[in-house]
Amino acid sequence: SSFTSDIAIDLMEVSGCVSCPMPTNLTATNITLNTADLNWIEAGSATNWQVSVGAAGGTPTSGTLTTTSTKPVSLTGLTASTQYEFYVRSICGPGDTSGWVGPLQFGTANGIPWSEDFETFPAGNFQNPWPNDWTSTTTTDPNWESEDANNGNNENSTATGPLWDHTNFGGPTNGMYIYMETSGGTVGDTADFVSPAIFVGANPVIELKYWYFNHGANFDRMEVLVDTNGVENLITTYTGQQQANQTDPWLQGAHTLAGYQGKSIRIIFRGFNVACCS
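Report follows, based on the coordinates.

What counts as what
- Every chain begins its residue count from 1, and numbering advances along the sequence as written.
- Only residues with pLDDT of at least 70 are given local features in this predicted model, and only at 80 or more are side-chain atom pairs given and counted; all residues enter the totals for whole chains, interfaces and linings.
- The side-chain values count all of the structure's non-hydrogen atoms but skip hydrogen atoms and water molecules.
- Note on exposure labels: buried denotes an accessible area under 20% of the residue type's maximum, exposed denotes more than 50%, and partly exposed covers the range between, all computed with a 1.4 Å probe on protein chains only.
- Here a strand is any run of E in DSSP of at least two residues, a helix any run of H or I of at least four, and the numbering for each starts at the N terminus.
- Two strands qualify as a pair provided that DSSP identifies no fewer than 2 bridges between them.
- By nonpolar core we mean a set of buried residues, namely Ala, Val, Leu, Ile, Met, Phe, Trp, Tyr and Cys, connected to one another through side-chain atoms within 4.5 Å.

Observations concerning the pairing of strand 18 (residues 264-272)
Now for step 1: Most of strand 18 sits out of view: 8 of its 9 residues are buried.
Now for step 2: Two strands pair when backbone bridges link them, and strand 12 (residues 190-194) and strand 18 are joined in this way by 5 bridges, in the antiparallel orientation. Within strand 18, the position partnered with Phe193 by the bridge is Phe269.
Now for step 3: By the bridge criterion, 2 bridges tie strand 13 (residues 198-199) to strand 18 in an arrangement that is antiparallel. Within strand 18, the position partnered with Phe199 by the bridge is Ser264.
Now for step 4: In the sheet, strand 15 (residues 221-228) pairs with strand 18 via 7 bridges, with the strands oriented antiparallel. If you follow Asp227 over to strand 18, its bridge partner there is Arg266.

A short note on the nonpolar core
Now for step 1: Membership of the largest hydrophobic core comes to 25 residues, with the highest contact counts inside it found for Phe121, Trp144, Phe193, Val224 and Ile265.
Now for step 2: Breaking this core down by element, the ones donating at least two residues are strand 11 (176-181), strand 12, strand 14 (205-212), strand 15 and strand 18.
Now for step 3: Counting residues in each nonpolar core, the second largest holds 20 residues, with Leu26, Leu38, Val51 and Val88 among its members.

In short, shape yes, function no, at least from these values alone.
Listed below in structure tokens is the structure:
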């Protein structure tokens, strides 16, 4: 009856698992037809790194290995319109390296003229990786998805979307297009569908053209932007539905762009969610 309990704590320690931490935040910027800058954030105190660059789908040891004490690493001699990937690891001392980080996939830029009709895309894709270096920012509603027009039968909804893609408008063959699914999510959510890099080169003025179909009673808006290394420039906004019926023709957007000489650009199609109706 005289016994009482005690709570006791003794030695506690927190330490790192490895002596050489792995780098983080891999990026590929300033992409042209045959060059790219690779960068990362050093998580420890390393001042030397090993970089592996190779074809997409490889491993750290299958790429070309280089050791560098500077970053970013500027790559030259790449092939235009080609998918690459890179890995990096820190070198903290003799026999002391971090694990490999990666891969980060990137594509060299496409030259002008360039076009994409999505006909080689598989139906039903809704997440990265997309073919031909296209990318998207979401995997759940709202999100972008590739759709087979199926000879005038809209497989997604009887109240939204087109019956045919633009390339094969009116049939008789199937056609592929990209649409934004909005049957879930929150009002105001956005989803981006982003083109591969397109190198403007010495062209002082270029023309951007695309076809669009925005049909649905609850349609919010779609923005079209030009991105240059993370700097976005809004080109136009389509608010509300642009086609009153599923059988209406697609409409064409056409814009003259200037000020991008010597730069690579990406075109962003940004949809805004209304949390109703795909």
